[in-house]
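Next come the chains, spelled out residue by residue.
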Amino acid sequence: MRLLAIDYGTKRTGIAVTDPLQLIANGLTTVRSHELLQFLENYCATEKVEKFIIGMPRTLHNEDAENAKYVNIFAKQCAQKFPHIPIVFVDERFTSTMAHQTMRAAGLKKTDRQNKELVDTISATIILQSYLEQKK
């Protein structure tokens, strides 16, 4: 069964998944947030998902950031639609910064680094990787 990570944004959402053995985090895609529940429904119909790992925006003072309310609304909708799939929240501080650093380290051109969808997918991958490392 796979773990699926969600980097929720009000416009776009990055998605990453593990392999079935839950060893490796891979970026999957970025979807428009208003299409997210339908995407998850389609994905879960073809792949077994054990858990949703959702990035929770936090401030430097370890409080909920402004966007946390939107993440909580989405998480409630997700829990209603997929009551059999547990949700785990992971602190997503600095994931966008880390995504940009990863893109720079990979040698991507500036135009590619400005691709917000790619940043969202990489951020979701970082969220999932940090969850996997915490689990060890």
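Residues numbered from 1 in each chain as written. Predicted model: local features only at pLDDT ≥ 70, side-chain atom pairs only at ≥ 80, totals over all residues. Heavy atoms only, no water.

Concerning the layout of surface pockets
Just so we agree on the cut-off: Using only the protein atoms, space was sampled on a 1 Å grid; points where a 1.4 Å probe fits but cannot get out form cavities, open sets with protein on both sides within 12 Å along at least five of seven lines form pockets, and lining residues are those with an atom within 4 Å of a point. Grid points are joined across faces, edges and corners, and a volume is the space filled by probe spheres set on the points. In the scheme used here, Gly and all other residues not listed as nonpolar or charged are polar, with Ala, Val, Leu, Ile, Met, Phe, Trp, Tyr, Cys and Pro taken as nonpolar and Asp, Glu, Lys and Arg as charged.
Taken as a whole, the largest pocket encloses approximately 230 Å³ of empty space. If you go around the largest pocket, you meet twelve residues; those closest to its centre are Tyr 8, Gly 9, Thr 10, Arg 12 and Asp 120. Tallied by class, residues from the lining of the largest pocket come to three nonpolar, four polar and five charged.

A look at the nonpolar core
Which entries qualify depends on this criterion: Nonpolar cores are built from buried Ala, Val, Leu, Ile, Met, Phe, Trp, Tyr and Cys residues. Side-chain atoms within 4.5 Å join them into one set. A 1.4 Å probe rolled over the protein chains alone gives each residue an accessible area, and that area as a share of the maximum for its type sets the label: buried under 20%, exposed over 50%, partly exposed in between. The helix count covers DSSP runs of H or I at least four residues long, the strand count covers runs of E at least two residues long, and both are numbered beginning at the N terminus. Note on definitions: a residue-residue contact is assigned when non-hydrogen atoms from the two residues lie within 4.5 Å.
Leu 4, Ile 6, Leu 36, Leu 40, Phe 52, Ile 54 and Phe 74 are the most contacted members of the largest nonpolar core, which has 20 residues in total. Looking at this core, the elements that each hand over two or more residues are strand 1 (2–7), strand 2 (12–18), helix 1 (36–46), strand 4 (49–56) and helix 2 (68–81). A per-element tally of this core places helix 2 first, with five residues. Every residue in contact with Leu 40, bar those within four places of it in the chain, is listed here: Leu 4, Ile 6, Ile 15, Phe 52, Phe 74, Cys 78 and Phe 82. Grouped together as the second largest cluster of nonpolar side chains are eleven residues, Ala 5, Ala 16, Ile 53 and Val 90 included.

Thoughts on the pairing of strand 5 (residues 87–91)
Just so we agree on the cut-off: Whether two strands pair depends on DSSP finding at least two bridges between them. Crossovers are described as right-handed under a simple rule: with the strands pointing away from the observer, the path leading from the first strand over the helix to the second runs clockwise.
Sheet topology places strand 4 next to strand 5; five bridges connect them, and they run parallel. Considered in strand 5, the bridge of Phe 52 is made with Ile 87. At this point the chain moves from strand 4, through helix 2, to the parallel strand 5, and the crossover so formed is right-handed.

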